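# Observations on the model geometry
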Amino acid sequence: MILWKLFVAFFIPGIVGYGGGPASIPLVENEVVGRFEWMSVTEFSEMLAMANALPGPIATKMAGFIGYQQAGVLGAVVGVFATVAPSLILMIVLLSFLYKFKDSPRVKRMTNLIRPAIAVLLGIMAYQFFWNSYESTGFLQTAILIVASFLLLEKVKLHPAFVILGSLIYGALFLG
């Protein structure tokens, strides 16, 4: 029964919480504090502060913590799944709809119009990352990381996760 309550407590904010994590915080609080009374307002605010300190989406961190607190590892899995299930279901429905009409000239035109916008957004994001790195660590450190990453990814064919891990270690040792 607790697993079903956990699912409901996080599925409803996932559906109603348009805008993602920050928009769903009061909805999760209503379910966790008001409806099911698993936490007090103080405990919820402390959990929220801890979740905000960690990287990643806030809603899934809250779901994992509360789910684990209520029902262990299985509760954490159910809570996180319930949080992402509305988006997952919607994506499956939309992708199946899009796949059904993939040969339609309108859909092809739409995807051809979206690709340049995505490329521009990715370019802007890469430029912002570069500029922030340059401002915070300087040109030499930024150049070392760019050249090393390029060589490891393109020449050595190292998995990107290892390049990211190496960059983090480099930053901790030489920039921290």
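What comes next concerns the included structure. (Residues numbered from 1 in each chain as written. Predicted model: local features only at pLDDT ≥ 70, side-chain atom pairs only at ≥ 80, totals over all residues. Heavy atoms only, no water.)

## Observations regarding helix H1 (residues 2-16)
The cut-off we apply is this: Each helix is a run of H or I in the DSSP string that is no shorter than four residues. Each strand is a run of E no shorter than two, and both are numbered from the N terminus. By this rule, a helix spans an expected 1.5 Å times one less than how many residues it contains. Three exposure classes are used, based on accessible area relative to the maximum for each residue type with a 1.4 Å probe and protein chains only: buried under 20%, partly exposed in between, and exposed over 50%.
Taking 1.5 Å per residue as the helical rise, H1 with its 15 residues ought to reach 21 Å, and the 22 Å between its terminal C-alpha atoms agrees with that figure. Restricting attention to buried positions, one finds in H1 the residues Leu6, Val8, Ala9, Phe10, Phe11 and Pro13.

## Digging into the nonpolar core
Rule in force here: Each nonpolar core is a collection of buried residues, namely Ala, Val, Leu, Ile, Met, Phe, Trp, Tyr and Cys, held together in the definition by side-chain atoms within 4.5 Å. Here, two residues are considered to be in contact whenever any of their heavy atoms come within 4.5 Å of each other.
Ranked by internal contacts, the top residues of the largest apolar core, which has 22 residues, are Phe10, Val32, Phe44, Met62 and Ile66. If you list the elements that add at least two residues to this core, you get H1, helix H2 (21-35), helix H3 (41-53) and helix H4 (58-100). Per-element tally for this core: the top contributor is H4, with seven residues. Once residues lying within four places of it in the same chain are set aside, the contact partners of Met62 are Phe10, Ile25, Val28, Phe44, Met47, Leu48 and Ala51.

## Considerations on the packing of aromatic side chains
Which entries qualify depends on this criterion: Pairing of aromatic rings covers Phe, Tyr and Trp, the last through its six-membered ring, and needs centres within 6.5 Å; plane angles under 30 degrees mean stacked, over 60 mean edge-to-face, and all others mean tilted.
Scanning the model with the defined rule gives nine aromatic pairs in all. A centroid spacing of 6.4 Å and a plane angle of 15° characterise the contact between Tyr127 and Trp131, whose relative ring orientation is stacked. On the criterion of helical spacing, the pair formed by Tyr127 and Trp131 is a turn pair, its members being four residues apart in helix H5 (residues 105-137). Looking at Tyr127, the relative accessible area reads 51%, which means it is exposed.

## Description of H5
Note that an α-helix has 3.6 residues per turn; residues three or four places apart therefore point the same way. For H5, with 33 residues, the first-to-last C-alpha span of 48 Å sits near the 48 Å given by 1.5 Å per residue. Immediately downstream of H5, the backbone of Gly138 shows phi near 95°, a positive value.

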